[in-house]
Structure formats: C-alpha cells, structure tokens
Amino acid sequence: MSAAKGLKARVFVMPKNGVLDPQGKAIGHALGTLGFEGIGEVRTGKVIELELSETDPDAAKAAAEAMARKLLANTVIESFRVEIA
Amino acid sequence: MNATILLFPGTNRERDMAIALQRATGRKPSITFHRETELPAGTDLVVLPGGFSHGDYLRCGAMAAQSPIMGAVRDFAARGGHVLGVCNGFQILCEAGLLPGALLQNAGLRFLSMDCVLRVERAGTPFTARWQKGATFRAPMAHGDGNYFADDATLDRLEGEGLVAFRYADRNRNGAARDIAGILSPNLRVLGLMPHPEDLVDPLMGGEDGLPLFQSLAESLVSA
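The rules behind each value
- Residue positions are given per chain, counting from 1 as you read along its sequence in written order.
- Throughout, the order in which chains and ligands are written sets their labels, letters from A for the former and numbers from 1 for the latter.
- Given that this is a predicted model, residues contribute local features only at a pLDDT of at least 70 and side-chain atom pairs are listed and counted only at 80 or more, while totals for whole chains, interfaces and linings are drawn from all residues.
- By convention in this description, side-chain values take in all heavy atoms of the structure and omit both hydrogens and water.
- UniProt positions are given in the numbering used here, feature names are shortened, and annotations may be inferred rather than shown by experiment.
- Contact between two residues is taken to exist if any of their heavy atoms lie within 4.5 Å; hydrogens are not considered.
- Within this document, salt bridges are pairs made up of a side-chain nitrogen of Lys or Arg and a carboxyl oxygen of Asp or Glu, the two lying within 4 Å of each other.
- Numbering goes from the N terminus for both helices and strands, where a helix is a DSSP run of H or I of at least four residues and a strand is a run of E of at least two.
- We call a residue buried when its accessible area falls under 20% of the maximum for its residue type, exposed when it is over 50%, and partly exposed in between, using a 1.4 Å probe and counting protein chains only.
- What is meant by a nonpolar core is a set of buried Ala, Val, Leu, Ile, Met, Phe, Trp, Tyr and Cys residues, joined one to another through side-chain atoms within 4.5 Å.
- One less than the residue count of a helix, multiplied by 1.5 Å, gives the span that helix is expected to have.
- In this context, the arc is that of the directions from the helix axis out to the C-beta atoms.
- When DSSP finds at least two bridges between two strands, those strands are taken to pair.
- Where helices are involved, their axes are fitted lines through C-alpha atoms of the stretch in contact, as for all axes, and angles between N-to-C directions lie from 0 to 180°.

Going by an unreviewed UniProt entry, chain B carries the name Phosphoribosylformylglycinamidine synthase subunit PurQ and comes from Muricoccus pecuniae. As stated in UniProt under Pathway (unreviewed entry), the record for chain B gives "Purine metabolism; IMP biosynthesis via de novo pathway; 5-amino-1-(5-phospho-D-ribosyl)imidazole from N(2)-formyl-N(1)-(5-phospho-D-ribosyl)glycinamide: step 1/2." Taken from UniProt, the Subunit (unreviewed entry) comment for chain B reads in full: "Part of the FGAM synthase complex composed of 1 PurL, 1 PurQ and 2 PurS subunits."

Per an unreviewed UniProt entry, chain A goes by the name Phosphoribosylformylglycinamidine synthase subunit PurS and belongs to Muricoccus pecuniae. In its Subcellular location (unreviewed entry) section, the UniProt record describing chain A reads: "Cytoplasm".

Caption draft 1: View of the interface of chain B and chain A. Facing 14 residues of chain B, the contacting portion of chain A comprises 16 residues. At the junction of chain B with chain A, the criterion picks out one salt bridge. Here B:Arg59 and A:Glu78 are joined by a salt bridge, their closest N and O atoms 3.6 Å apart. For the side of chain B that touches chain A, the secondary-structure elements that each account for two or more residues are strand E5 (102-104) and strand E8 (147-149) of chain B.

Caption draft 2: Geometry of the environment of B:Ala135. All names here are of chain B. With respect to the helices, strands and loops of the structure, Ala135 is situated in the loop between strand E6 (112-120) and strand E7 (136-143). In this structure the C-alpha to C-alpha distance between Ala135 and Asp179, which are 44 residues apart in sequence, comes to 16 Å. Discounting residues that sit within four places of it in the chain, Ala135 has contacts with Leu118, Arg119 and Val120.

Caption draft 3: Fine view of the UniProt feature "active site" (unreviewed entry) in chain B. Residue and element names in this part refer to chain B. Listed under "active site" (unreviewed entry) in the UniProt record, and renumbered for this structure, are Cys87, His196 and Glu198. These annotated residues cover 112 residues of sequence, but their C-alpha atoms sit close together, with the largest distance between any two at 11.1 Å. As for its placement among the helices and strands, Cys87 is situated in the loop between strand E4 (82-86) and helix H3 (88-95). Overall, Cys87 belongs to the buried group, its relative accessible area being 5%. Those residues in contact with Cys87 that sit more than four places away from it in its chain are Gly50, Ala142, His143, Leu193, Met194 and His196. Its place among the elements puts Glu198 in the loop between strand E11 (190-193) and helix H5 (211-223). On the basis of relative accessible area, Glu198 is assigned to the buried category, the value being 0%.

Caption draft 4: Examining the side chain of A:Asp21 more closely. Within the fold, A:Asp21 resides in the loop between strand E1 (8-15) and helix H1 (22-33). The residues touching A:Asp21, leaving out its near neighbours within four places in the chain, are A:Pro15, A:Val42, A:Arg43 and A:Thr44.

Caption draft 5: Geometry of the nonpolar core. Grouped together as the largest cluster of nonpolar side chains are 68 residues, with contacts concentrated most on B:Met70, B:Leu84, B:Tyr148 and B:Phe166. Looking at this core element by element, the count peaks at six residues for helix H2 (residues 69-78) of chain B.

Caption draft 6: Broad picture of helix H1 (residues 14-25) of chain B. All names here are of chain B. With 12 residues, H1 extends 16 Å between its outermost C-alpha atoms, agreeing within 8% with the 16 Å of an ideal straight helix rising 1.5 Å per residue. Those residues of H1 that fall on the buried side of the exposure criterion are Glu14, Met17, Ala20 and Leu21. Around the axis of H1, the buried residues are gathered within 125° of arc, so they sit on the same side.

Caption draft 7: Seen up close, the sheet that holds strand E2 (residues 46-51) of chain A. All names here are of chain A. Strands sit in the order E2-E1-E3 across an open sheet of three strands; the sheet is antiparallel. With one partner strand each, in any of the chains shown, E2 and strand E3 (78-84) form the two edges of the open sheet. Within the sheet, the average angular offset between the axes of one strand and its neighbour, ignoring direction, is 20°. In the packing of helix H2 (residues 57-72) onto the sheet, the strands contacted are E1, E2 and E3, and the crossing angle to E3 comes to about 155°.

This is how it looks when you write it as structure tokens:
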C-alpha cells in the first residue's frame, strides 16, 4: 500500500430492503427493553473509510465504487453509497 | 479420483474432509494453498472445506473468494470440473459467484452446532447418485452464517431447474430461504451446502450418514 495523501472515501454498506437484518432486529428489541419508545425498524450496516492517493473527487468516487462492487459490498444482499471528503 | 482440498488462512475442516475423501476413494487428497495460481495436474475434484477463512472478516468467504487460487477454480468449473464447498466453502462459492445467492447470519443470531436432518431433493447427480430422491439423512452442522438468501426469481429458477440439492427436513434453524441447505450449479457439477456430511463417515464418528456423498463422487468421477 502506498502512502495515500489524497481524498478520503467513506463507503456505507447496508443490507438491501427485504434482506433480513437480525442484528438490527435485536438492537431494536434491546432499545425497546431499555424504555426507548417509538422505534420502527432498525437496520445495521457498516462504514468503511479509505484513504486514497487520488485528488480528483470524481475519480476518487469512481475508484471507491469499483472497490465496493468488487469486494466491499456483496450486491446480492447489500447496497452501498460512497461519500468523498 | 484425484481430489484437492483448498486451504485458506482460517480453514479448519480440511482434515475431516481428507478423511472422508480417503475413506470413499482409497486415495489421499492433495492440499492446495490459497496463494497458488494452478490446481495440481489431473485434478478431478476441488473441495473447499469449512472453517473461518480470513477470520470471516468483511463477510464470510469474501476475502477467500478473491484469493489467487480462485481464478484457477473458476477456470476448472468453467471447463466442467467438479467442485464441492461445505459450510465456509459454500459461502466462498457464493461470494465467488460460482453459485447464486448468499449466506446471511442465522436468523436467530446464534451459532448453531448440532445435528440436522437433510432431505435429498435432487438425486442422480455426481454428489447424490447413491441416494434416492426424498431420502433423509443426519448431518452435523456448525455455523453462524447459514441463512441462505437469494431473490425470489433466483429461488424460483433453482427450484424449477431442480438445482436444490438438499433441504432441512427436521427444522429450519437458521432461517434459510425455502429450507434450502445446499444447491447445485446448472451443470450439476458444483455443489455447496452448509452442513458437514464429512463429519459422519465412520461408525467411530457416530454414523456413516454422510458417506454416500463421497461414494457418489468416487463412483461418478472414476467412470467420467
């Protein structure tokens, strides 16, 4: 890995609608047990932060999206979104 | 039959698999490391055993699916080679796109370590030739992520084309879609399943319920 001094990408990975998220369900249940009210569906996902050497935002986004499609997300069960900062 | 067992960092069921293969074929399988780029010459069967490859980081099987050896496995499968993936091996085959769908975390969130009963849904394949359709047998299972998922169109296609190999016949403990425990590729030469038939192949293990799978392979691949 080369030292990246460019942009940062954040890849948000979430289970697709219709894909069971038992962790989210358990968290929602626990929050209810703790007395927090009015909670609907709870969904869990993950955030992956990447330091890139790329300095062009569009190119950085395209690169992070390629990484997400190839490895970071499994698009059979997950959707992803990339933010560049 | 020349079988090779793939070994990834974190694989831990390769010895059980080797015992089962040797018992059915009389030949010791070779071991192929994940960093290799070629399978041993003359390989008839590639086996991806269970375990926790790469610590299950990111998603079960996600890292292993990108290993150097998987390019050779893809080519092997495309040429009509036989591939068996059990447990983590099934997860890797799905992540690699060699089988459709994915394995989600068990619906009940718990790791499941117990025997289950499987029903043979598709007989007459290189993996199931020794069974009759509808036969049931006991198989140990041990997984945290065995909840088979695919979209409805994929599930309909798998069922319509007879590519569901095994279903849970007693209880669906992990939440798998349509009770699916194992699926086949369209050419019937790639099988992935969550339970471990290799762990019941000797009376000393408590039974031989899983042996027919390995005997089926031995017979199919000798005559091939």
